[in-house]
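# Residue-level structure breakdown
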Amino acid sequence: MPEFSKSHTQTPVAAKASAQLSAATTVPLQLRLFDLLRPQRWSWRLAMLLGFITLVATVLLLAYSGWFISAAAVAGIAAIQAGTFNYMRPGAMIRLLAISRTAGRYAEKLQSHYAVLQLLKTLRLNSFAALCRKPNQQLNYLTDPNHADQLQRLIADIDLLDQFPLKVWLPWLWAGATALCYLVAAGYLLPQGLPGFTLILLLLLFQPLWLHLYGKNMCHRLNVQAGTRRQQLLHQLQLLTTTLMLGHWSEKAKMLADTDHKLNLLQRALQRSVVLQQGIQQLLLLSGFLCLLWAPSQQQQLAPALVVALALGWLGLSEIFTPLAQFHLALGYSLTAQKRYNELLSAPSAEPVRPATSQTKPTNVSAGEVTIELHQLQIGFISALPQLPPLTASFKAGDVVLLHGPSGCGKSCLLQTLAGDLTILGGELLWQKQPLHQLHSNQKYQQIGYGAQRPHIFNLTVAANLRLACPTASDDELLTVLHLVELRAWLDKQPEGLATVLGQYGCGLSGGESRRFALARLLLQKPGLLLLDEPFAGLEQELASRLLQRLAEFQQQGILIIASHQQLQHPAFNRHWQLAPLLQ
Amino acid sequence: MQAQAEPAGTATDLLNQLLRPHRAVVLLIALPGIFSVPLLIAQMWYLAKIAAALLAKSPFAGTDVFLLALCWFGRTALLLAKDDIAQHLSRKLRCQVRQHLLAQLAALGPLRSRFGSDGALSTLLTEQVDALDGYISRYAPQQILVLAAPLFILVAVAFHSIFAALLLLLTAPLVPLFMVLVGREASKASQQQLQLLSRMGGRLYDFLQGLPLLKRLNATDIAAAHLEHAAGQYQQGSMKVLRLAFLSTAVLELFSSVAIALVALYLGLGLLGELPWHKAQLLLPYQSALFILLLCPEFYQPLRQLGTDYHARAQAIAACAEFRALYQAEHNSPQKAATQVYLVTCPVQAAELNFHHILVGDVSAPRLRINELSIKAGEQLLLSGPSGSGKSTFLQLIAGFVPFSGEVMVDGIRLNSSSIYQLRNQIGYLQQQAELLPGTIADNLKLAKSDATGEEMQQVLTQVELWDFLSRQPEGLDYRIGDFGAGLSGGQQQRLALARLLLQQKPIWLLDEPFAELDEDTSLRLSALLQRISQGKTLLLVSHQFSQLGWLNRTLRFEQGQLVFTDDLSKNNKDNTTLAASGQNTPPGVADA
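Residues numbered from 1 in each chain as written. Chains lettered and ligands numbered in written order. Predicted model: local features only at pLDDT ≥ 70, side-chain atom pairs only at ≥ 80, totals over all residues. Heavy atoms only, no water.

All right, on to the overall build of chain B then. Each helix and strand in chain B was counted, giving 18 helices and 12 strands. Here chain B holds 593 residues, and 58% of them are scored as buried. Counting only contacts in chain B whose residues sit at least 6 apart along the sequence, the fraction spanning at least 24 positions is 76%. Accessible surface, chain B: about 24200 Å² in total, of which carbon and sulfur atoms supply 57%. (Helix = DSSP H or I, 4+ residues; strand = E, 2+ residues; numbered from the N terminus. Buried < 20%, exposed > 50% of the residue type's maximum accessible area, 1.4 Å probe, protein only. Contact = heavy atoms within 4.5 Å. Areas by Shrake-Rupley, 256 points an atom, 1.4 Å probe, with all protein chains shown as cover.)

Helix and strand content of chain A: 20 helices and nine strands. Taken across its 584 residues, chain A has 56% of its residues classed as buried. Here the contacts in chain A between residues at least 6 apart in sequence split such that 80% fall between residues at least 24 apart. Only carbon and sulfur atoms are counted for the fraction: they give 60% of the accessible area of chain A, which is about 24600 Å².

Our next topic: the sheet that holds strand 8 (residues 559-564) of chain A. All names here are of chain A. Pairing within the open sheet is parallel, and its five strands lie in the order 6-7-8-3-9. Looking at which strands have only one partner, the edges of the open sheet turn out to be strand 6 (448-451) and strand 9 (575-578). In this sheet, neighbouring strand axes are inclined to one another by 15° on average, regardless of whether the strands run parallel or antiparallel. The pairing of strand 6 with strand 7 (residues 529-533) spans four bridges and is classified as parallel. (Pairing = 2+ DSSP bridges. Axes fitted to C-alpha atoms, helices over the stretch in contact; angles between N-to-C directions.)

F128 and W314 of chain A are the most contacted members of the largest nonpolar core, which totals 190 residues. Looking at this core, the element that brings in the most residues is helix 8 (residues 220-272) of chain B, giving 17 residues. Apart from the residues lying within four places of it in its own chain, the contact partners of W314 of chain A are Y182, F197, I200, L201, L284, L285, G288, F289 and L292 of chain A. By size, the runner-up hydrophobic cluster in this structure holds 82 residues, among which are L237 of chain A together with L89, V97 and I370 of chain B. (Core = buried A, V, L, I, M, F, W, Y, C linked by side-chain atoms within 4.5 Å.)

Listed per partner, the contact involves 141 residues of chain B and 141 residues of chain A. Counting each side, the surface lost to burial between chain B and chain A is near 13300 Å², with a carbon and sulfur contribution of 67%. Contact with chain A buries surface across chain B, with W72, R216 and L272 of chain B losing the most and accounting together for 7% of the total. Remark: the boundary between chain B and chain A carries six salt bridges. (Buried area = accessible area lost by both parts, 1.4 Å probe. Salt bridge = Lys/Arg side-chain N within 4 Å of Asp/Glu carboxyl O.)

It is worth spelling out the pairing of strand 7 of chain A at this point. Residue and element names in this part refer to chain A. Where burial is concerned, most of strand 7 is hidden: five out of the five residues are buried. Side chains L529, L531 and D533 of strand 7 all project onto a buried face; the interleaved residues L530 and L532 project onto the opposite face, where all are buried too. Pairing between strand 7 and strand 8: five bridges, direction parallel. The partner of L529 across the bridge, within strand 8, is I559.

Residues and elements named next belong to chain B. With respect to the helices and strands, L168 occurs in helix 6 (residues 162-209). Residue classification places L168 among the buried positions, given a relative accessible area of 2%. Sequence-wise, L168 and L552 are 384 residues apart; in three dimensions their C-alpha atoms are separated by 85 Å. Contact partners of L168, with chain neighbours within four places excluded, come to L154, V157, A259, C296, F299 and Y300.

All right, on to the sheet that holds strand 1 (residues 371-378) of chain A then. Residue and element names in this part refer to chain A. The strand order 2-1-4-5 describes an open sheet built from four strands, whose pairing is antiparallel. Edge positions in the open sheet fall to strand 2 (391-396) and strand 5 (434-435), since each of these has one partner strand only. By the bridge criterion, five bridges tie strand 1 to strand 2 in an arrangement that is antiparallel. Bridging across to strand 2, I372 finds its partner in F395. Across the sheet, helix 14 (residues 411-418) is in contact with strand 1, strand 2 and strand 4 (426-431); its angle to strand 1 comes to roughly 125°.

So, about the environment of P366 of chain B. Residues and elements named next belong to chain B. Mapped onto the elements, P366 comes out in strand 2 (residues 366-375). Relative accessible area serves as the criterion here: at 17%, P366 is assigned to the buried category. For the pair P366 and G561, spaced 195 residues apart in the sequence, the C-alpha separation amounts to 6.3 Å.

On to the environment of S419 of chain B. All names here are of chain B. Residue position: S419 is located in the loop between strand 5 (413-414) and helix 12 (420-424). Distance in space between the C-alpha atoms of S419 and R472 is 43 Å, their sequence separation being 53 residues. Beyond its immediate sequence surroundings of up to four residues, S419 is in contact with I413 and R414.

Let us look at the domain arrangement of chain B. Many structure descriptions define interface size as the accessible area lost when the parts assemble. Residues and elements named next belong to chain B. Per the domain assignment, the segments making up chain B are domain 1 (11-327) and domain 2 (353-582). Each side of the interface is counted separately: domain 1 has seven residues, and domain 2 has six residues. Around 480 Å² of area is buried between domain 1 and domain 2 when both sides are counted, 57% of it from carbon and sulfur atoms. Ranking the residues of domain 1 by area buried against domain 2 places A107, P110 and L111 at the top, with a combined share of 76%. If you look at where domain 1 meets domain 2, you find one salt bridge. Across the pair E435 and R112 runs a salt bridge whose closest N-O atoms are separated by 3.7 Å. At the junction of domain 1 and domain 2, the tally comes to zero residue pairs in polar contact (both at pLDDT 80 or more). Considering only residue class, the side of domain 1 that touches domain 2 consists of five nonpolar, one polar and one charged. (Domains from an automatic or database assignment. Polar contact = N/O pair within 3.5 Å; in protein donor to acceptor, adjacent residues only side chain to side chain. Nonpolar A, V, L, I, M, F, W, Y, C, P; charged D, E, K, R; others polar.)

With that settled, consider unusual backbone geometry. Although it is not a glycine, K433 of chain A sits at a positive phi angle of roughly 70°. Position of K433 of chain A relative to the elements: it lies in the loop between strand 4 and strand 5. The class for K433 of chain A is exposed, based on a relative accessible area of 58%. Phi is positive for E513 of chain B, which is not a glycine, with a value near 45°. Within the fold, E513 of chain B resides in the loop between strand 9 (508-512) and helix 17 (520-533). Given a relative accessible area of 14%, E513 of chain B falls into the buried group.

Listed below in structure tokens is the structure:
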């Protein structure tokens, strides 16, 4: 991934992004389908125009060629010899139509795809910004690997939303506009056929709508069933070995096949509805055609060549109406995607919006004495789960604390509360003598660093990953923190150095290495309070003890709290904090 | 995670292989499409006839109109039937592929993790398999249609004007040629585009997954910049691709339009007697001329359709590339997992195990190699060795998930693909993370014995020391646990899994690192519990915590896939534990409590 490997200074990009984010926040929380067309309004209009030109050229090419042949046949050889038939102009006209049809189609496709890509970009940035506004407590649930399908579905839904402009709105507008042109021409040439044409064209244009409720309902059911299938499959896979060993697999496989079958039936119903729609369309087109044959017999004075032109034009219209057979399907998918997108993104986001006045400069941290105090603090992930007895403690700069207790006694919960990610159930938590929850989140995050048990390493370069914590850090600073966590040797082995891409597609770090890497990133943030959840799990104990020594030195001006279920004995710890086991 | 060995062939080969058994059906789908072409030709012929009558100012025959409507109607019916059958085949085939993949997973058992997390695998089996749809239902039959339909039209045109037919014939080979030239580039490019798309989605997914962390780092703005950059890259990249890809469509469009224009001019001039080589004479009757003109766009229509569906092919190939490794993975068990036999009565007494000349993996780099080993009934063994030394493979081998050469005898029955289901009734196998069903405790226990009574359940739960906890919950046996055992601690999860084993009375227990995720106190207690409840079972236990497992009979030590030694633990019990403890657990500085 070359794009960010060399850009070691990213401040301008970041500045641009914050503008983008603040712009994104102005988008209404509840997305409506027509909002999809708003951000790239002119792009869509251009695509609309180009498509319209193409379709008119398509219909006209056939109609005009038909007229030309017929007129030529009527005029016959005699006309040429008399000089009354100019065949140069029709020739030029046909060539022009042929070329504008080709060029129009090419340009329209490029333009509408450009607009779609732009739309996807906006949607992705918007949904990212919307999720950013949610409190971490909610996000932790959403981003938990166990609920991974939620995010996958969000991304899939974003991709589905482009169906609305591409497969619903544009084709319908094109069909409507082209039909209107045809109607004008037909009304001028064959006035007595006008009511029939109007009726049939209106039917063609609006008949996809009668199925739209059905489509919406079916797409919703299909989506639900697809979700069920996915969920069922995931559950069965998670139990696979057990089920196999217990000899129940064949039943489970049958159950999965049944679910799949149900989904198939829904798919079939939807596909049949499209087939039905196509059938109705063709019948309407056929009746329009018969109407066209009947009308001239009522009015003899119209030139037969023009009748032929109208007939061929009508045939051309069928190509324009064909995409509308999918109309109810695409609309159904868009509506379902829109509903889920809104559900996921606009759930109440409880982030307090603080006035700028309460914002103090981060430099205050180093000025004042770093303290954190707990008075009768009650914590818990949710109030229903068993709680710890109320906690009272206070810590000041220079404290290196070992938070100890058996697994499951609430260490992680306590750390997350101290980090300000969990709401307090009772008592008081004071950071620098101020209640922690009153602090603006930016400030809170700046001053309190929290290293989770399973840290997330982003699929970015080493440098970009580290600079997430401190965008202005120089290469030397990066190397210093990596040295601190003893990853210099690892880095020196990477041929691309700081530009090495980490994560899923890049070269990997082992479990212990990724924990140390996340630690380095945290150190770059220089927090006043550093909370680490089992930072040494899976590390050799010698390395762990060296790391601890360095961490303690690094954090001299602040507080370091390390949670561990092991009883680590190290001179660096000057405080021990024992949590009682859960009251059972 | 990467599959160990990439199977031969490419994704395209797999796609062809999937469709090969259904070639006849694909042909059958194309048939209504092919039959619709003569109807189309007839429809156009009647249309031309009616137009000719109009031109001559003579009333046209009602039968012509009727026949025209009939042709129109028949053609529509045939095309719709074609779509319906095609979609049927697509659904059926996708179902089959899904079933096959599921059977593969069932055969791989715990080894499936090589092919991705369970979440990724479920995406593979659902969305990725569904991505084959467009190729099966549209592209494949269209490939046949594209050869047949223009031929019919060409013949019909040639009947009326050799020159017009030649004109079409000349442009016809140019079209596939251009399709190949542009299409090859376009397909290469569209693969890249799909990759980019997944990367762009992947980047968003990556950032959303780490969003709490991003917020903590105050880095959401930077992340948004990265996202915007990635999206911008994607946009630029895809526009480059699309410019090329749409060129192939544009070429077809151009041919179609130019051919109509040329034919129209030729026919028009012919009717006017203005053709240079046919001065002042009528070339062909008006009816034929109009007929040819009407067929002209239809000549290119199938090709244009194929061009439009080209991305369906790219999608299908990309999907095949995703699941190919799993689809072709080697495994031990037979495909027909459904034909398994149930042993209703399980032997309760302990069983013995014998191994002769076992080899797993390649001879040059074996993952596991055992010459001779016999484990007596009721023996309790510790399997030790560094990670990746073959301990887990050994357990998976006995559980029947690993392909091997050699001979494994379980209680005198040879382990092979037909006896595996029978033998599994005697084997209990537990992994590091207990596999629990989200639901009640009772649901979980009923997995092992569907007709277990409350008393029975209470009894086994008491044995694993879980009843004490549950009896204090108001729901008791109906205590609900969430995804991944949420609501129970790690130790409790293992206990519940052990309770399941006890319910089934299996004589052989294979436990793969049951203590790995537990803290010391918990694992000590669990170890003591194991000692009690595994009495009389043949027990094979993989663990690094030797100090707690002095009660086992024997140690099997593995190194680099070899069984290096077996050692009688019960004889020098004390020495071993102290040795292990001093070697492992006491580096300077951080001391054990």
